[in-house]
Amino acid sequence: ELPENWTDTRETLLEGMLFSLKYMGMTLVEQPKGEELSAAAVKRIVATAKASGKKLQKVTLKVSPRGIVLNDSRTNELIENISIYRISYCTADKTHDKVFAYIAQNQLNENLECHAFLCTKRKMVSA
């Protein structure tokens, strides 16, 4: 639950904010940023997720000045730890109002990847 003034607390900003989300998937992108680019990527991810018919993975996303840490909600297993320097773009999708996405460079192969998440509330997406 987000307090109204959550951005006002210095501890929150330094330690990071935790979000419980559902991971929709990832797709490769050509550019590090752009609204149309990310919208098209999210559209592909949503279509793929729907077509697969599988339940989405529940994850915990921690956002801090260091970057994004992604854990499996069930097992608490680390999925990914993305440095802030590898993240080039974040967006609240316009078409899918409960979808949050970011573009980051893969550490191993330098590919640009767009990762999308389903939030429970629109307020969470913008946060």
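The name an unreviewed UniProt entry assigns to the protein is ARH protein, from the organism Certhia familiaris. In its Subcellular location (unreviewed entry) section, the UniProt entry covering the protein states "Cytoplasm".

Caption draft 1: Looking closely at the packing of aromatic side chains. Scanning the entire structure with this criterion turns up four aromatic pairs. Judged by centre distance (5.9 Å) and plane angle (20 degrees), the ring pair of tyrosine 102 and phenylalanine 117 falls under stacked. On the criterion of sequence distance, the pair formed by tyrosine 102 in strand E6 (residues 99-105) and phenylalanine 117 in strand E7 (residues 112-118) is long-range, its members being 15 residues apart. We classify tyrosine 102 as buried; its relative accessible area is 1%. What links up through ring pairs into an aromatic cluster is the set Tyr23, Phe100, Tyr102 and Phe117.

Caption draft 2: How the structure looks around the pairing of strand E2 (residues 57-64). Of the pairings in the sheet, the one linking strand E1 (residues 17-28) to E2 comprises seven bridges and is antiparallel in character. Bridge assignment links leucine 18 to a residue of E2, and that residue is lysine 62. Judged from the six bridges that link them, E2 and strand E3 (residues 67-72) form a sheet pairing that is antiparallel. Looking at E3, one finds that threonine 60 is bridged to asparagine 71. Hairpin connection, E2 to E3: the antiparallel pair is bridged by two residues.

Caption draft 3: Seen up close, the environment of threonine 95. The topology assignment puts threonine 95 in the loop between strand E5 (87-92) and E6. Separated by 53 residues in the primary sequence, threonine 95 and valine 42 place their C-alpha atoms 9.2 Å from one another.

Caption draft 4: Broad picture of the sheet that holds E1. Taken together, the seven strands give an open sheet; going across it, the order is E4-E3-E2-E1-E7-E6-E5, and neighbouring strands pair in antiparallel fashion. Strands with a single pairing partner mark the edges of an open sheet, and in this sheet they are strand E4 (78-83) and E5. Strand-to-strand, the axes of this sheet are offset by a mean angle of 30 degrees, without reference to chain direction. When E5 meets E6, the two strands line up antiparallel, connected through five bridges. Along E6, the bridge assignment pairs tyrosine 89 with isoleucine 103. Of the strands in this sheet, E1, E5, E6 and E7 touch helix H2 (residues 35-52), which is tilted by about 90 degrees from E1.

Caption draft 5: Molecular detail of the environment of lysine 123. One can find lysine 123 in helix H3 (residues 122-126). Residue classification places lysine 123 among the partly exposed residues on the basis of a relative accessible area of 43%. Note: C-alpha distance between lysine 123 and aspartate 97 (26 residues apart in sequence) is 9.8 Å.

Rules used in this analysis
- Residues numbered from 1 in each chain as written.
- Predicted model: local features only at pLDDT ≥ 70, side-chain atom pairs only at ≥ 80, totals over all residues.
- Heavy atoms only, no water.
- UniProt positions renumbered as here; feature names shortened; annotations may be inferred.
- Phe/Tyr/Trp six-rings, centres within 6.5 Å; stacked < 30°, edge-to-face > 60°.
- Helix = DSSP H or I, 4+ residues; strand = E, 2+ residues; numbered from the N terminus.
- Buried < 20%, exposed > 50% of the residue type's maximum accessible area, 1.4 Å probe, protein only.
- Pairing = 2+ DSSP bridges.
- Axes fitted to C-alpha atoms, helices over the stretch in contact; angles between N-to-C directions.
- Contact = heavy atoms within 4.5 Å.

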